[in-house]
Amino acid sequence: MKTITAQEWELLSFFEMEPELLDSTVPWIFNDALYRVSRENYNFSFAVQPSYRDVRLILSIDGKIAYELSAMGVDDVIYQKEDGHETIEIRVDHRNSLMLTMKSSIQIRQNWGLE
């Protein structure tokens, strides 16, 4: 079974919080984990089901959805840390990806159709 590359401890570091698990009796890799971040006037939620490679993210500003992604069976979710800067890459497929950063500010960068 192919699971995401990102490990539970890496997502804990990235989001700086424990996730809300759908079922507390099921290991993280087989569970649905929800991470929520609130800052000033915006809320960000990131849910992942590692073994199915399903990802959902929602960015709300002042209570209104500004961005939403729901992707099933993505190629991978990858944690990267370089020079103290953490990112999460969601590889939707071999040509499409999103890069997330959380520290200092929430950023979502999309790359569609790039080789």
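No experiment lies behind these values; they were computed from the predicted model shown. (Residues numbered from 1 in each chain as written. Predicted model: local features only at pLDDT ≥ 70, side-chain atom pairs only at ≥ 80, totals over all residues. Heavy atoms only, no water.)

### A few points about the pattern of salt bridges
Here's step 1: Under the criterion given, the structure shown has five salt bridges.
Here's step 2: The closest approach of N and O atoms between Lys103 and Glu86, which form a salt bridge, is 2.0 Å. Placement of Lys103 in the loop between strand S8 (97–101) and strand S9 (107–111) and of Glu86 in strand S7 (residues 85–91) is noted, with a sequence separation of 17 residues between them.
Here's step 3: Notably, a salt bridge pairs Arg91 with Glu89, separated by 3.1 Å at the nearest N-O pair.
Here's step 4: On the basis of relative accessible area, Glu89 is assigned to the buried category, the value being 11%. (Salt bridge = Lys/Arg side-chain N within 4 Å of Asp/Glu carboxyl O. Helix = DSSP H or I, 4+ residues; strand = E, 2+ residues; numbered from the N terminus. Buried < 20%, exposed > 50% of the residue type's maximum accessible area, 1.4 Å probe, protein only.)

### Describing the pairing of strand S2 (residues 33–39)
Here's step 1: Two elements, strand S1 (residues 20–21) and S2, share two bridges in a ladder whose sense is antiparallel. Among the inter-strand pairings, Glu20 is bridged to a residue of S2, identified as Leu34.
Here's step 2: With seven bridges connecting them, S2 and strand S3 (residues 42–49) associate as antiparallel partners. When the bridges of S3 are listed, Ala33 appears paired with Val48. (Pairing = 2+ DSSP bridges.)

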